[in-house]
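# Report on the structure
Listed here are the chains, written in short residue letters.
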Amino acid sequence: MASPADLVIVGNILTVDPQRPTADALAVTDGRIVAIGARDDVQPLIGPDTEVREVAGCVLPGFVEAHGHPLMEAVVLGGRMVDIRPVTMPDAADVVAAIHAEVAARGADGAYLNGWDPLLQQGLPELTLAWLNAAAPDGPLVIVHNSGHKAYFNSAAARAAGLTRDTPDPHGAKYGRDADGELDGTAIETGAVFPLVTGVMTPTDYPALLLAECARLNQAGLTTCSEMAFDPMFRPVLEQMRDKLTVRLRTYEMSTAALHTDASPDNGDDMVRQAGIKIWVDGSPWVGNIDLTFPYLDTDATRAIGVVPGSCGHANYTREQLAEIVNTFFPQGWQMACHVQGDHGVDTILDVYEEALRQHPRDDHRLRLEHVGAITPAQLQRAHDLGVTCSVFVDQIHYWGDVIVDGLFGPERGDVWMPAGSAVATGMRISLHNDPPVTPEEPLRNISVAATRTTPSGRVLAPQERLTVEQAIRAQTIDAAWQLFSDDAIGSLEVGKYADLVVLSADPRAVSPEAVADLEVLATYLAGQQVHAKAD
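Every value quoted in this text rests on a predicted model; they were computed, and no experiment measured them.

### Some details on helix H13 (residues 395–414)
Between its first and last C-alpha atoms H13 spans 14 Å; for 20 residues at 1.5 Å apiece the expected length is 28 Å, and the helix comes up short by more than 12%. The sharpest bend along H13 measures roughly 110 degrees and falls at Leu 408, with the proline Pro 411 sitting one to four residues further on. The buried count for H13 comes to 15 of 20 residues, which makes it a mostly enclosed element.

Below, the structure written as structure tokens:
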């Protein structure tokens, strides 16, 4: 006879297991599910010391963030940087006031702010070097764009970071310069932005910041999160904190000019593991540097972000540079995850992936494309035929949907932005993500937006690209876990898998798709241990 379970949960359970889609109870021993099914199936495992919890609402697998930045968000939301994102501060006047207030409060220690967005915070001033120096004449001032792909900095910040006119541009990034070659106070892409904000993190403070980030993710129902811009400098602290984390981490190390990683593909365990290598084709649609076959519109919105009329954006890496990176790491056994928004950029990276697969065949590679705003149905079919999978940033529709159509690309291109329906129609397994802190961690909203495609004004973009709620749940659980090579252990509620669970206030299949976003996360469990409970 089986030993009594440690924990039994009774309620309405959605397993996301096609062999047993629903259940009434599950039993947990040593952090893993040992039985699931009808209550009578689990009853024999209830002993005198078994904790039995009858839950209201609905139990699902813990949500999986396939494209996150928790190690960065821990710092961005940790207090040293001021949060000026549109979700926090929608009014331009408030943003400018926050900048001046932080400069006054910090003085020579420097003011650092994150979330500048001229598309959503209409009326922001142009951040010229003269404006930045006037706003902060005595100390560093760094303002990071909400996309994370651009930053603005004053002369004091340049001195603090050791930047001069002679500083070479980092690999795949650049510092803006004026006609005389002097720094103009702009940094484009990660390699240029990160050196400007290193001063906001004190190593002794970081463990507490990361635990606070885990708590935020648990509050949203997450039990697993990727880190898509992993810097190996964080490896020691992750090892140190492994037993304290309440979120499983899957990291993707940023490729650099060195073309090297100290890790090997067989590293880590089910709690912390480096899953792959991150590369970029292009940048952000909100900055104007995504690689398109069609031009941006000429509107107030595009002029506000500095796009030259007729521009089709650009790539940050050439095909040859991308091929060099992929052909270095892919033959070692690494999964590759490539940021790409523009359709021309999609063609480039698919060409690179196809050639790498020809030279180094691998049956189960799960090569990834990240965000894919302007990807076409034909490109999705090609990707699927190659075994390539997409992580789709559908939440952009909720925040930027109207400006995508009216301000940036027009209805022909803008309506079909983030075509999740076409991706799934090919047979592709996709994930949905929030790319936090670009948008808040909100998996329930992702499910809702994928099923409705509703913009802030209430219009519906390309209804043929909607997912069903059930499809969207898979993209936030088992299929996201699959992308992370973790579906053997998480992502669905099955015997042998970890008891990573989220308890919602209602069954997402039983409410309207619009209402899914407003469901409450009542509790979150990691390996059978409750890591979040909604306050009464």
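From this point, the narrative continues.
### Let's talk about the sheet that holds strand E12 (residues 183–188)
Strand order across the open sheet formed by 6 strands is E7-E8-E9-E10-E12-E11, with mixed pairing between neighbours. Edge strands, defined here as strands with exactly one partner in the open sheet, are strand E7 (82–83) and strand E11 (174–177).

### Some words on the pairing of strand E1 (residues 7–14)
For E1, the buried fraction is high: 7 of the 8 residues fall into the buried class. With 4 bridges connecting them, E1 and strand E4 (residues 51–54) associate as parallel partners. Opposite Val 8, over in E4, you have Val 52 as the bridge partner. Both E1 and strand E2 (residues 22–29) contribute to a ladder of 6 bridges, which runs antiparallel. Of the residues in E2, the one forming a bridge with Leu 14 is Thr 22.

### Topic: the packing of aromatic side chains
By convention here, two paired aromatic rings are described through the distance between centres and the angle between planes. Taken as a whole, this structure holds 8 aromatic pairs when the rule is applied. Relative to Tyr 175, the ring of Phe 153 has its centre 6.3 Å away and its plane inclined at 85 degrees; by these criteria the two rings are edge-to-face. Note that Phe 153 is positioned in strand E10 (residues 150–153) and Tyr 175 in strand E11, a separation of 22 residues in sequence. Of the two residues, Phe 153 and Tyr 175, both sit in the buried class. Judged by centre distance (5.1 Å) and plane angle (45 degrees), the rings of Tyr 206 and Phe 234 are tilted. Here the residue Tyr 206 occupies a position in helix H7 (residues 206–219), and Phe 234 occupies one in the loop between strand E13 (222–230) and helix H8 (235–241), the gap between them amounting to 28 residues. Residue classification places Phe 234 among the buried residues on the basis of a relative accessible area of 13%. Three or more aromatic residues joined by ring pairs form one cluster here, namely Phe 294, Tyr 296, Phe 409 and Trp 417.

Reading the values: rules and limits
- Residues numbered from 1 in each chain as written.
- Predicted model: local features only at pLDDT ≥ 70, side-chain atom pairs only at ≥ 80, totals over all residues.
- Heavy atoms only, no water.
- Helix = DSSP H or I, 4+ residues; strand = E, 2+ residues; numbered from the N terminus.
- Expected span 1.5 Å × (residues − 1).
- Bend = angle between axes of the 7 residues up to and from the residue.
- Buried < 20%, exposed > 50% of the residue type's maximum accessible area, 1.4 Å probe, protein only.
- Pairing = 2+ DSSP bridges.
- Phe/Tyr/Trp six-rings, centres within 6.5 Å; stacked < 30°, edge-to-face > 60°.

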